[in-house]
Every structure is written in C-alpha cells, then in structure tokens.
Amino acid sequence: MQTIARTDLPIAIEGDGVEFRTDRVGDMSIAWVRLPAGADLRPGLAGLPGDLCPCPHWGYMISGRLAMHGEDGVTVHEAGQAFYWAAGHGPEALTDCEYVDFSPSEELEAVVRHLQGG
C-alpha cells in the first residue's frame, strides 16, 4: 500500500500559475494538477490527434470548476466530483482549480512531452 502527497510528485510542467505534477505507479500514472482561473490548455494540445488530449483520465476534482472541451461539446466539472475523461478532450479552468487523475503511463508521458515542447 502507498499514499502520495501532492508534493511527493515531481513537477512536469510549471508556469503562469499552472502546476502539473506526475509520476508512474506501475502501468498507470498519477497526476496532481493546479490551474489558475482562465488557464486554457487547448493551445498546447495543438498537433495532437484532433488537437485534443488523446489520453484517458480517471480522477477527482478537489477544488474549483473546470470546463472540459471535447468533440461532443463542453462538460463542466466541479469540486467534489469524480470524473472520466475519454481521449479527445481539452481543459479550461473556469476558476482556480485542483484535481488528481490516473492515466495509462505511456499515453500520459507522450502528452506531457508534447506540452513540454519535445
């Protein structure tokens, strides 16, 4: 058994109020994400299939509100809700928000490399 605090996870992306921490836990990865109000990650996803995140995520909204843009429209998620985001989505923070999610490691690592510019 294992417990993980936010600060236990290495920072993968940081800047302009965005804090994206992630690490592998077996074949899955955990990500702990903080986004400031107005942060729209869709421009960073340009160049990925459909210009959206191709990695599925299962998680929980800790605080705030987030609009998830997808091929089928927009869904708003808020504090206290668990979620599943299928491949083909792009997040936009409606308020300062924080969430934790779990994703297949290889798929998430490819998206992180893209967002890092590599």
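This text follows the structure it describes.
About the criteria used
- Residues numbered from 1 in each chain as written.
- Predicted model: local features only at pLDDT ≥ 70, side-chain atom pairs only at ≥ 80, totals over all residues.
- Heavy atoms only, no water.
- Salt bridge = Lys/Arg side-chain N within 4 Å of Asp/Glu carboxyl O.
- Helix = DSSP H or I, 4+ residues; strand = E, 2+ residues; numbered from the N terminus.
- Buried < 20%, exposed > 50% of the residue type's maximum accessible area, 1.4 Å probe, protein only.
- Arc of directions from axis to C-beta.
- Contact = heavy atoms within 4.5 Å.

Q: For this particular structure, what's the right way to read the pattern of salt bridges?
A: Oppositely charged side chains may form a pair once their charged atoms are brought near each other. Scanning the entire structure with this criterion turns up seven salt bridges. In this structure, Glu78 engages Arg65 in a salt bridge whose closest nitrogen and oxygen atoms are separated by 3.6 Å. In this pair, Glu78 sits in strand 6 (residues 73–78) while Arg65 sits in strand 5 (residues 65–70), placing the two residues 13 residues apart along the sequence. Connected through shared salt-bridge partners, Arg6, Glu19 and Arg21 make up one network.

Q: Quick question: what am I supposed to make of helix 2 (residues 105–115) here?
A: Where helix 2 is concerned, the buried positions are Ser105, Leu108, Val111 and Val112. Down the axis of helix 2, the smallest arc covering the buried residues is 130 degrees, so these residues share one side. Tucked into the core, helix 2 has its buried residues touching strand 1 (11–15), strand 2 (18–25), strand 3 (28–35), helix 1 (42–45), strand 4 (57–63) and strand 9 (97–104). The positive-phi residue at the C-terminal boundary of helix 2 is Gly117, with phi of around 90 degrees.

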